[in-house]
Amino acid sequence: MNEIFQKTLAKSFSFKGLGLHSGKTSSVKVLPAAANSGINFVRVDLKKDNLIAANFRNVSSTQLCTVLKNKSNAHVSTVEHLMAAFYIKGIDNATVEIDNAEVPIMDGSSNDFINLINKSGVTDQNVKRKFLKIIKEISFTEKEKSISILPNNLGLKVEYELNYKNKVIGNQKNQVEFFNQNLSDVYSSRTFC
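Note that the structure is a prediction, hence the values are computed from the model and not measured.

**With respect to the sheet that holds strand β9 (residues 94-98)**
An order of β2-β3-β9-β4-β5 is seen for the five strands of this open sheet, with the pairing classed as mixed. Both outer strands of the open sheet, β2 (13-18) and β5 (51-53), are each paired with one neighbouring strand and no more. Between one strand axis and the next, the sheet turns through 20° on average, direction left out of account. With five bridges connecting them, strand β4 (residues 39-43) and β9 associate as parallel partners. The partner of Val42 across the bridge, within β9, is Glu97.

In structure tokens form, the structure reads like this:
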């Protein structure tokens, strides 16, 4: 992911499936997009104010899934697996047309989305990628949950620990270096309920 130039899809692709939380079927078409446009969801089932930018400012909830909402309250949920696939494949710009409020869960991981992107292909754009650079530690704690973001000159490195009272899940730790690792274990990891 340390490549200099922005990327988009070489060609569009489509998929269809059920929403995990709504139980409704959604049809989705993912299209290439111009440089500097970012990732945008377009609710084609809505007649106006239907563009929802995939931007941290538009995250309205992370309760059981990630929900993005625009200023007109149009929203799209369960975007995290598709967004993870975009990040892993280096996609900076894409338009996601969806005819419902929830991205299909597919197999519960990013694997299907990675495969669709691989089939579509990825193309470089003639505009340099924009980066956020962490220059000091950022931490947040809420009850028993905490998160910290620290500077790292190499790229994204995630260390995490789950500590559930449930004996099936229990205590688990892992570390992933997104810049220096085969990520198949990450994008094929399935959500659990």
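**With respect to the nonpolar core**
Burial of nonpolar side chains together is a common tendency in soluble globular proteins. Membership of the largest hydrophobic core comes to 29 residues, with the highest contact counts inside it found for Val30, Phe41, Val76, Phe86 and Val96. Those residues in contact with Phe86 that sit more than four places away from it in its chain are Val30, Ile39, Ile91, Ala94, Val96 and Ile117.

**Concerning the packing of aromatic side chains**
The final tally for this structure, using the stated rule, is two aromatic pairs. Centre to centre, the rings of Phe13 and Phe15 are 6.3 Å apart; their planes meet at 25°, and the pair counts as stacked. On the basis of relative accessible area, Phe15 is assigned to the buried category, the value being 8%.

**Comments concerning the pattern of salt bridges**
A complete count under the given rule lists five salt bridges for this structure. Two residues, Asp45 and Arg43, come together in a salt bridge whose shortest N-O distance is 2.7 Å. One salt bridge connects Asp92 with Arg129, and the closest N-O pair in it is separated by 2.7 Å. With Asp92 in the loop between α1 (80-89) and β9 and Arg129 in the loop between β10 (122-128) and β11 (138-142), this pair connects stretches of sequence that are 37 residues apart. Pair check on accessibility: Asp92 and Arg129 agree, each one buried. Among the ionic contacts, a cluster of salt bridges with common partners joins Glu3, Lys7 and Asp124.

**Some words on a nonpolar patch on the surface**
Taken together, Ile134, Ile138, Phe140, Ile147 and Ile149 make up a surface patch of nonpolar side chains, about 440 Å² in accessible area. Counting only elements with at least two residues in the nonpolar patch, the list comes to β11 and β12 (145-149). Within the fold, Phe140 resides in strand β11.

**Concerning unusual backbone geometry**
Positive phi outside glycine occurs at Asn73, with the angle close to 70°. Owing to a relative accessible area of 51%, Asn73 belongs among the exposed residues under this scheme.

**Here we look at the sheet that holds strand β8 (residues 75-77)**
Judged by pairing direction, the sheet is antiparallel, and its three strands sit side by side in the order β6-β7-β8 without closing on themselves. For this open sheet the edge positions go to β6 (59-61) and β8, each flanked by a neighbour on one side alone. Between one strand axis and the next, the sheet turns through 35° on average, direction left out of account.

**Some words on the pairing of strand β1 (residues 5-9)**
Of all five residues making up β1, four are buried, and the element is well covered by its neighbours. Sheet analysis places β1 next to β10, joined by four bridges and oriented antiparallel. Each residue of the ladder has a partner; that of Phe5, found in β10, is Lys128.

Cut-offs used in this document
- Residues numbered from 1 in each chain as written.
- Predicted model: local features only at pLDDT ≥ 70, side-chain atom pairs only at ≥ 80, totals over all residues.
- Heavy atoms only, no water.
- Pairing = 2+ DSSP bridges.
- Helix = DSSP H or I, 4+ residues; strand = E, 2+ residues; numbered from the N terminus.
- Axes fitted to C-alpha atoms, helices over the stretch in contact; angles between N-to-C directions.
- Core = buried A, V, L, I, M, F, W, Y, C linked by side-chain atoms within 4.5 Å.
- Buried < 20%, exposed > 50% of the residue type's maximum accessible area, 1.4 Å probe, protein only.
- Contact = heavy atoms within 4.5 Å.
- Phe/Tyr/Trp six-rings, centres within 6.5 Å; stacked < 30°, edge-to-face > 60°.
- Salt bridge = Lys/Arg side-chain N within 4 Å of Asp/Glu carboxyl O.
- Patch = residues over 30% accessible without salt bridge, like charges linked within 9 Å, V, L, I, M, F, W, Y side chains within 5 Å.
- Areas by Shrake-Rupley, 256 points an atom, 1.4 Å probe, with all protein chains shown as cover.

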